[in-house]
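What follows is each chain in one-letter form.
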Amino acid sequence: MPDLLFLAQRLPYPPTKGEKIRAFHELKYLAQYYDIHLGCLIDDPDDHQYIDALRPLCRDIYVAQVNRRIARLACLGGLLTADALSVVYFRHRGLIDWVHSVIETAVPSMTFVYSSNMAPYILDLPNTGTRVVDLVDVDSEKWRAFAETTRGPMRLVYRREWRKIADLERRIARECDLSALVSDAEAALFARQHPDCARSIRGVSNGVDHRYFDPALDYPAVYDTSRPNFVFTGTMDYPPNADAVIWFAAEILPLIQASVPAAQFQIVGSNPSPEVLKLARRDGVFVSGRVADVRPYIAHATASVAPMRIARGIQNKVLEAMAMARPVVLTAAALEGIAADPMLETIVADTTADFAAACCRLATTTDGTAIGAAARHRVIRNYDWDATLRQFDDILRPARPPVLLEAV
């Protein structure tokens, strides 16, 4: 099979968080048609145990170890250079050398880059074949939103990052064969920013493994299910997630508890920030930290909530809850890119009062059953991974039959 260089900012396994879910399914898809040379970084020591799980999909793997504390200090030095700080964080001399070696020896027919932060590894190199960068989101817009909503010195840092990432995205759009984004809406935004490159910009939606997120399976109770429970899942040191749960716990939950005193809020996800950990001091708020399996938390929830005030692309947490046939209360920003009816398959609420009212409705009626069933039907119909990744076929799939792979 032809060779393909695949670069990702983190080990794309296990598929339990946003960036790993999409990257893993893309890697698995491409392994049907190419010999994969996977280069990535690990900044979480817990991920080392999963490297061998990817070996059946890859011809070879190079994993660069990143010490988070040292990498963050290096980012401070990056303020004196022309680079985006997120690019500095993921720069690794060993991975640079390995990429050069793969290009010189394997001469890949294609290079697939997951995230803009990894594109500098290949932008200035020859012999990289067809170049596809999965931007996922228009990251510069995320940094712009941070700059507009933050006060103090960090506002200047975020503003700088916005401009640097926008410059990098411009290079990617102009110099690579395809820029992929996680939704048609995100792709349309990127095309408006780079109209001369619009023909090489494409939306390729996320999917969800609805066979894994199956509400018919038996899940043990992990909290008091006699009480109404609202669940948020996500990586909890990610600022938009932290902002979402702080808003819910501090402003929305008290309104819910005024009508439904027994209501509880379950915050489920790894690396909770200090601000998130403090929320557990509030009545009815629980912060789990990393869990082996989020499905029991979702399965027994009155509703999944996604009160995202800063959001880009598709929220995997929403697709997973829909697949589990749970009603989801979310902001319009959290629904972006998901083709779901905002009244019949989810409940959209953008104000504190509306969000609380929607949660109270689900805690005191049986409306959630029908909403959850409709949501799962939508996922099965529109968000199977095999169907979404076929949108890549015309540029990624070579003219030869795929190799049948065992499930990973």
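Quick summary incoming for the structure in this document. (Residues numbered from 1 in each chain as written. Predicted model: local features only at pLDDT ≥ 70, side-chain atom pairs only at ≥ 80, totals over all residues. Heavy atoms only, no water.)

Quick word on the overall build of the protein
Right, on to step 1. Within the protein, the secondary structure is distributed over 16 helices and 13 strands.
Right, on to step 2. In terms of overall dimensions, the protein is globule-like: its C-alpha atoms have a radius of gyration of 21 Å, near the 22 Å expected for 408 residues.
Right, on to step 3. Along the first, second and third principal axes, the C-alpha set of the protein runs to 65 × 50 × 40 Å.
Right, on to step 4. Relative to its 408 residues, the protein shows a buried fraction of 56%.
Right, on to step 5. Taking as baseline every contact in the protein between residues at least 6 positions apart, the subset at least 24 positions apart corresponds to 70%.
Right, on to step 6. Within the structure as shown, the protein displays about 17400 Å² of accessible surface, and the carbon and sulfur contribution to it stands at 53%. (Helix = DSSP H or I, 4+ residues; strand = E, 2+ residues; numbered from the N terminus. Rg over C-alpha atoms; globule rule 2.2 N^0.38 Å. Buried < 20%, exposed > 50% of the residue type's maximum accessible area, 1.4 Å probe, protein only. Contact = heavy atoms within 4.5 Å. Areas by Shrake-Rupley, 256 points an atom, 1.4 Å probe, with all protein chains shown as cover.)

Observations regarding the packing of aromatic side chains
Right, on to step 1. Following the criterion strictly, the structure yields 16 aromatic pairs and no others.
Right, on to step 2. With centroids separated by 4.3 Å and ring planes inclined at 45°, the aromatic side chains of phenylalanine 248 and phenylalanine 265 adopt a geometry described as tilted. With a gap of 17 residues between them, phenylalanine 248 in helix H8 (residues 239-259) and phenylalanine 265 in strand S9 (residues 264-268) connect regions that are remote in the sequence.
Right, on to step 3. The buried category is assigned to phenylalanine 248, whose relative accessible area is 0%.
Right, on to step 4. Clustering of aromatic rings is evident, with ring pairs tying together Phe230, Trp247, Phe248, Phe265 and Phe355.
Right, on to step 5. The ring of tryptophan 162 carries arginine 163 above its face, with NZ or CZ at 6.0 Å from the centroid. (Phe/Tyr/Trp six-rings, centres within 6.5 Å; stacked < 30°, edge-to-face > 60°. Lys NZ or Arg CZ within 6 Å of the ring centre and 35° of its normal.)

Some points on unusual backbone geometry
Right, on to step 1. That bond from tyrosine 13 to proline 14 is cis: its omega, -5°, falls within 30 degrees of zero.
Right, on to step 2. Mapped onto the elements of the fold, proline 14 is located in the loop between strand S1 (3-8) and helix H1 (18-30).
Right, on to step 3. A positive phi angle, near 60°, is found at asparagine 127, a position not held by glycine.
Right, on to step 4. Looking at where asparagine 127 falls in the secondary structure, it is placed in the loop between strand S4 (110-114) and strand S5 (130-136).
Right, on to step 5. Judged by relative accessible area, asparagine 127 falls into the exposed class, the value being 51%.
Right, on to step 6. Phi at valine 136 takes a positive value of approximately 70°, unusual for a residue other than glycine.

Observations concerning a nonpolar patch on the surface
Right, on to step 1. A contiguous nonpolar surface patch, about 440 Å² in accessible area, is contributed by Leu73, Leu76, Leu79 and Leu80.
Right, on to step 2. Looking at where leucine 80 falls in the secondary structure, it is placed in the loop between helix H2 (68-78) and helix H3 (85-89).
Right, on to step 3. Assessed through its relative accessible area of 79%, leucine 80 is described here as exposed. (Patch = residues over 30% accessible without salt bridge, like charges linked within 9 Å, V, L, I, M, F, W, Y side chains within 5 Å. Salt bridge = Lys/Arg side-chain N within 4 Å of Asp/Glu carboxyl O.)

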